Amino acid sequence: MNSTPIITDTHTHLYSEEFDQDRDEMMQRAINAGVTRFFIPAIDAAATQSMYDLEQNYPDYVFLMMGLHPTYVKDNYLDELQHVENELSKRKFYAVGEIGIDLYWDKTHLKEQQIAFRKQIQLAKQYKLPIVIHCREAFDEIFEILEEEKSADLFGIFHCFSGTYEQALQAISYNMKLGIGGVVTFKNGKIDQFLHQIDLKHIVLETDSPYLAPIPYRGKRNESSYLTNVIAKLAEIYDLSDTEIAEATTQNSKDVFGI
């Protein structure tokens, strides 16, 4: 048996206050489980400093994104977009994210969410970065903008993919990998029913921790070490070993993030 394969968590909110009491222990559990690459999505300007602190504390493990999360698109969204633009111009990021449209919580800012999504896609192209998409009850609205913006330099990850087989194929057609996490272990998650029809090269792993913990931790705080439960489920779906799943999905993450 070779050394433990590298596992990549392509989407984790490690700076979340839910980890403030035991962040070092939580990170150690993940590293012990083989999870040694953590990609950190941005939310809004208020979260930026805590992301930088996280990177400083774990420089070998943590890779940052910059973006404005759709549920944080409010009346001041132009100021927030300016912040994203300013930060992208200053330093290296590995993606523009998480960006997209969310109509689950609030539909009042749909127009602003659409503008913000499009603007951040254009920033990603300008900086030759992938995008990481947040989509909740908004597949049609997301696909409409991706259809208009599609090009060879548009690529990234459809985070927390929870759509149908047809929607999965459509996302892949726009050069998107599917971010797969705890939902694949849920009895009512549905994606486990068609995932075997999707080539593994289109799949990356994520937790979205502290949210969406896999079975048997559903409803509790999620953490990156629980990716091993997601891997076990994918190994079952694809009839491969855990090691093969870990290796393939880490390679896919390298293809997206360039590292």
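The name an unreviewed UniProt entry gives the protein chain is Hydrolase TatD, with Flavobacterium chungangense as the organism. Under the UniProt heading Sequence similarities (unreviewed entry), the note attached to the protein chain is "Belongs to the metallo-dependent hydrolases superfamily. TatD-type hydrolase family."

Along strand β5 (residues 131–136), five of the six residues are buried, which leaves the element largely enclosed by surrounding structure. As paired strands, strand β4 (residues 96–102) and β5 are joined by six bridges and run parallel to one another. If you follow Gly 97 over to β5, its bridge partner there is Val 132. Taken together, β4, helix α4 (residues 110–126) and β5 form a β-α-β motif whose crossover is right-handed. The sheet contact formed by β5 and strand β6 (residues 156–158) spans three bridges and is parallel.

Closest axis-to-axis distance for the α4/helix α5 (residues 139–149) pair is 11 Å, and the angle between their directions is 35 degrees. In the crossing of α4 with α5, the sense of the turn from one axis to the other is right-handed. Across from Leu 110, Gln 114, Phe 117, Arg 118, Ile 121, Gln 122 and Lys 125 in α4, the residues of α5 making contact are Glu 141, Ile 142, Ile 145, Leu 146, Glu 148 and Glu 149. When grouped by side-chain class, the residues that make up the contact of α4 with α5 number six nonpolar, two polar and five charged.

Right, let's talk about the environment of Tyr 226 for a bit. Structurally, Tyr 226 is set in the loop between β8 (203–205) and α7 (227–238). A residue is classified by how much of its surface remains accessible, and Tyr 226, at 15% relative accessible area, is buried. When the C-alpha atoms of Tyr 226 and Ala 30 are compared, they prove to be 7.8 Å apart, with 196 residues separating the residues in sequence.

Here we come to the UniProt feature "binding site: a divalent metal cation 1" (unreviewed entry) in the protein chain. The residues that UniProt annotates with the feature "binding site: a divalent metal cation 1" (unreviewed entry) are His 11, His 13, Glu 98 and Asp 208. Judged by maximum C-alpha separation, these annotated positions cover 198 residues in sequence but sit close together in space, the widest gap being only 10.9 Å. With respect to the helices, strands and loops of the structure, His 11 is situated in the loop between β1 (7–9) and α1 (23–32). You can call His 11 buried: its relative accessible area is 1%. Residues in contact with His 11, not counting those within four places in the same chain, are Phe 39, Pro 41, Glu 98, Val 132, His 159, Glu 206, Thr 207, Asp 208 and Ser 209. Within the structure, the side chain of His 11 is placed 3.0 Å from the side chain of Glu 98, a separation counted as a polar contact.

In this section: the UniProt feature "binding site: a divalent metal cation 2" (unreviewed entry) in the protein chain. The UniProt record annotates "binding site: a divalent metal cation 2" (unreviewed entry) at His 134 and His 159. The largest pairwise C-alpha distance within this set of annotated residues, which runs over 26 residues, is 5.7 Å, so the set is compact in three dimensions. Locating His 134 in the fold gives a position in strand β5. Setting aside residues up to four positions removed in sequence, His 134 forms contacts with His 69, Pro 70, Glu 98, Ile 99, Gly 100, Ile 101, Asp 102, Ile 142 and His 159. Position of His 159 among the secondary structure elements: in the loop between β6 and α6 (165–173). Here His 159 falls in the buried class, since its relative accessible area comes to 3%. Among the polar contacts made by the side chain of His 159, one reaches the side chain of His 11 at a distance of 3.4 Å.

On to the pattern of salt bridges. What the rule picks out here adds up to 13 salt bridges. Between Arg 91 and Glu 55 there is a salt bridge whose closest N-O contact spans 2.8 Å. Pair noted here: Arg 91 is in the loop between α3 (77–90) and β4 and Glu 55 is in helix α2 (residues 48–57), with a separation of 36 residues, a long-range link. Ionic pairing is found between Glu 236 and Lys 233, a salt bridge with its closest N-O pair at 3.5 Å. With Glu 236 and Lys 233 both in helix α7 and three residues apart, this pair spans about one turn of that helix. Here Glu 236 falls in the exposed class, since its relative accessible area comes to 58%. Salt bridges sharing partners connect three or more residues here, namely Asp 22, Arg 29, Arg 221 and Glu 223.

Thresholds applied
Residues numbered from 1 in each chain as written. Predicted model: local features only at pLDDT ≥ 70, side-chain atom pairs only at ≥ 80, totals over all residues. Heavy atoms only, no water. UniProt positions renumbered as here; feature names shortened; annotations may be inferred. Buried < 20%, exposed > 50% of the residue type's maximum accessible area, 1.4 Å probe, protein only. Helix = DSSP H or I, 4+ residues; strand = E, 2+ residues; numbered from the N terminus. Pairing = 2+ DSSP bridges. Right-handed = clockwise from strand over helix to strand, strands pointing away. Axes fitted to C-alpha atoms, helices over the stretch in contact; angles between N-to-C directions. Left-handed = near helix turned anticlockwise from the far one by under 90°. Contact = heavy atoms within 4.5 Å. Nonpolar A, V, L, I, M, F, W, Y, C, P; charged D, E, K, R; others polar. Polar contact = N/O pair within 3.5 Å; in protein donor to acceptor, adjacent residues only side chain to side chain. Salt bridge = Lys/Arg side-chain N within 4 Å of Asp/Glu carboxyl O.

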